Amino acid sequence: MPEMALSDLKVLDLTHGISGPYCTKLLGDYGADVIKIERPGSGDYARQIGPFPKDVPHPEKSGTFLHLNTNKRSVTLDLSTESGRDVALKLARRADIVVESFRPGVMADFGLDYQILNRENSALIVTSISNFGQTGPYRDWRASELIFYGMGGELYSTGLADREPIKMGADVGLYQAGSVAAFATLSASFSAREAGQGEHIDISIMETQAGSIDRRMSMLLAYQYNGELSGRSADGPNGLGGYPSGVYPCADGYFQITSGTRYFPRIVKMLGEPEELLDPKWHTPEAQSDPELEAEFDAFFYPWLMARTKYQIWEAARSANVLSGPLNTMEDIANDQVFQSRGAFSSVDHPEAGDFAYPGRPFIMEHSPWSIRRPAPRLGEHTDEALSESGYTADDISRFREKRVV
């Protein structure tokens with residue numbers, strides 16, 4: 001097997017939850033050796049987040065944890081103890097990268113802040129992921145995905161105009177922050193290798209949302225250039241300027257389509273060029289804004305939709321070059337043969353949770369493979385192994401256990 005792109009990187013992972021573990025997962029899945037430090041007894045709190053097989057909670061069977069921690073080794077370590085700190089420093093001396101997601105100030109409380117880590121390893125990259133960054137009056141505030149989405153600006157524009165805003169998506173913001181952190185960490189690692197000097201990277205989850213591609217970037221530019229504020233549409237998701245545009249029901253679910261004046265002839269072709277839609281009245285510039293004509297079109301369109309499945313509609317739409325697509329369920333995506341053939345999912349057999357398909361590689365590189373070399377670790381599974389690699393003897397590790405350091 002060809003060498004993986006990041007196989008020469010050693011990462012000390014002091015993260016928990018979603019953003020930090022997703023950052024280190026991306027590094028690990030492309031070859032980095034990631035040692036994940038977890039609290040003795042309980043571990044990463046993501047172990048308590050579902051889904052769980054058969055909906056039975058178990059710290060070794062969390063779908064969220066298992067996905068976010070492939071290709072990592074778990075070491076339990078109490079960082080609040082002097083011995084735990086010393087072990088962490090020894091591990092950091094051998095690392096290229098440290099990623100942490102504690103609240104600002106916690107690493108300093110542990111005696112593991114950047115200044116101390118830098119003294120131990122001057123080429124070390126330290127990436128800190130926090131809610132609002134390491135500085136400023138917001139830095140100590142708690143937050144959640146919903147708060148990030150709202151403070152990031154675009155919750156204001158989702159939902160109906162006469163109702164309260166509605167959040168879209170689940171943990172999109174937290175995963176976005178993890179992606180940004182991975183990119184920033186790798187960028188800094190290239191510089192560190194050239195200059196032999198590490199640096200501290202400050203990732204604010206909130207700021208990754210303010211500049212996200214999830215509508216925020218374009219809406220920020222709209223405000224900065226002309227003072228325009230994005231708003232919620234009075235017509236809901238179908239109010240996209242012309243018909244048919246938006247999400248529509250069909251025989252087995254929902255289908256999304258984009259049309260309007262320019263593309264209406266393609267819609268007619270998709271529908272089989274029925275006589276009712278060949279009248280010139282449908283093809284005037286005013287037709288797409290005429291509510292009576294839209295109602296007349298809907299009376300023909302909805303029965304056509306409800307008589308077909310979303311994949312039958314998609315086939316007809318593609319043949320007419322209509323921009324469209326089915327609204328897939330998770331089951332549809334998991335069973336899509338095209339996605340399967342490209343390796344978008346990967347089967348992982350975990351000793352506790354069993355064999356499941358996981359979301360696979362986010363991108364393909366021609367000469368540098370991606371692979372899941374090991375499932376997510378059981379809590380503390382690699383403690384002895386990792387500490388032995390750092391020079392600790394079996395007696396040392398036994399003493400750590402007696403003192404509950406590991």
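No experiment lies behind these values; they were computed from the predicted model shown.

(A) Structural detail: helix H12 (residues 310-319). Regarding H12, the residues found buried are Lys-310, Ile-313, Ala-316 and Ala-317. Mapping the buried residues of H12 onto a view down its axis gives an arc of 125 degrees, with all of them on the same face. In H12, the exposed positions that point more than 90 degrees away from the buried face belong to Glu-315 and Ser-319. Lining the buried residues of H12 we find strand S7 (246-250), strand S8 (253-257), helix H10 (264-270), helix H11 (291-306), strand S9 (324-326) and helix H13 (330-334). One or two residues past the end of H12 sits Asn-321, with phi positive at roughly 60 degrees.

(B) Just the pattern of salt bridges, in detail. The tally for this structure, following the rule as stated, stands at 19 salt bridges. As a salt-bridge pair, Glu-164 and Arg-163 come within 3.4 Å of each other at their nearest N and O atoms. Under the relative-accessibility criterion, Arg-163 is labelled partly exposed at 48%. Lys-310 is the partner of Asp-332 in a salt bridge, and the nearest nitrogen-oxygen pair spans 2.7 Å. Of this pair, Asp-332 sits in helix H13 while Lys-310 sits in helix H12, placing them 22 residues apart in sequence. Taking relative accessible area as the criterion, Lys-310 reaches 4% and is therefore assigned buried.

(C) Main features of the sheet that holds strand S1 (residues 10-14). Strand order across the open sheet formed by 6 strands is S3-S2-S1-S4-S5-S6, with parallel pairing between neighbours. Two strands bound the open sheet, and with one partner strand each, they are strand S3 (72-76) and strand S6 (199-204). For this sheet, the mean angle separating the axes of adjacent strands, direction not counted, is 20 degrees. Pairing of strand S5 (residues 125-130) with S6 involves 6 bridges; the strand directions are parallel. Counted as the bridge partner of Thr-127 is Ile-201 from S6. Running at roughly 165 degrees to S6, helix H7 (residues 172-195) makes contact with strand S4 (97-100), S5 and S6 of the sheet.

(D) Main features of the sheet that holds S9. Judged by pairing direction, the sheet is antiparallel, and its 3 strands sit side by side in the order S7-S8-S9 without closing on themselves. In this open sheet, the two edge strands, each paired with only one partner strand, are S7 and S9. With strand direction ignored, the average angle separating the axes of adjacent strands in the sheet is 25 degrees. Of the pairings in the sheet, the one linking S7 to S8 comprises 5 bridges and is antiparallel in character. Within S8, the position partnered with Gly-246 by the bridge is Ile-257.

(E) Molecular detail of the packing of helix H1 (residues 19-29) against H7. Orientation of H1 relative to H7, taken along the N-to-C sense of each, is 45 degrees, at an axis distance of 7 Å. Comparing their axes, H7 and H1 come out oblique. Handedness of the H1/H7 crossing: right-handed. Of the residues in H7, those in contact with Ser-19, Tyr-22, Cys-23, Leu-26 and Leu-27 of H1 are Leu-174, Tyr-175, Ala-177, Gly-178, Ser-179, Ala-181, Ala-182, Thr-185 and Leu-186. When the residues that make up the contact of H1 with H7 are grouped by side-chain class, the tally is 10 nonpolar, 4 polar and no charged.

(F) Region of the structure containing the packing of aromatic side chains. Evaluation of the coordinates by the stated rule reveals 19 aromatic pairs. Their ring planes at 10 degrees and their centres at 4.6 Å tell us that Tyr-30 and Phe-363 sit as a pair that is stacked. Of the two residues, Tyr-30 sits in the loop between H1 and strand S2 (33-38) while Phe-363 sits in the loop between strand S11 (354-359) and helix H15 (383-389), which places them 333 residues apart along the sequence. Among the residues examined, Tyr-30 registers a relative accessible area of 3% and is labelled buried. Classification of Phe-363 as partly exposed rests on a relative accessible area of 42%. Taken together, a centroid distance of 4.6 Å and an interplanar angle of 25 degrees make the contact between Tyr-138 and Trp-141 stacked. An aromatic cluster is present here, built from Tyr-243, Tyr-248, Phe-264, Trp-282, Phe-297, Phe-301, Tyr-302 and Trp-304 joined pairwise through their rings. The aromatic ring of Tyr-392 is capped on one face by Lys-90, whose charged end is 4.4 Å from the ring centroid.

(G) Spatial organisation of H11. Here H11 spans 22 Å end to end across 16 residues, near enough to the 22 Å set by a 1.5 Å rise per residue. Along its length, H11 shows its largest kink, about 25 degrees, at Asp-298. The inward-facing, buried residues of H11 contact S7, H10 and H12. For H11, the N-terminal cap is Asp-290; the gap from its side-chain oxygen to the backbone nitrogen of Glu-292 is 2.9 Å.

Each value, and the rule that gives it
Residues numbered from 1 in each chain as written. Predicted model: local features only at pLDDT ≥ 70, side-chain atom pairs only at ≥ 80, totals over all residues. Heavy atoms only, no water. Buried < 20%, exposed > 50% of the residue type's maximum accessible area, 1.4 Å probe, protein only. Helix = DSSP H or I, 4+ residues; strand = E, 2+ residues; numbered from the N terminus. Arc of directions from axis to C-beta. Contact = heavy atoms within 4.5 Å. Salt bridge = Lys/Arg side-chain N within 4 Å of Asp/Glu carboxyl O. Pairing = 2+ DSSP bridges. Axes fitted to C-alpha atoms, helices over the stretch in contact; angles between N-to-C directions. Parallel < 35°, antiparallel > 145°, perpendicular 65-115°, else oblique. Left-handed = near helix turned anticlockwise from the far one by under 90°. Nonpolar A, V, L, I, M, F, W, Y, C, P; charged D, E, K, R; others polar. Phe/Tyr/Trp six-rings, centres within 6.5 Å; stacked < 30°, edge-to-face > 60°. Lys NZ or Arg CZ within 6 Å of the ring centre and 35° of its normal. Expected span 1.5 Å × (residues − 1). Bend = angle between axes of the 7 residues up to and from the residue. Polar contact = N/O pair within 3.5 Å; in protein donor to acceptor, adjacent residues only side chain to side chain.

Take it as geometry only, folks, not as evidence of what the structure does.
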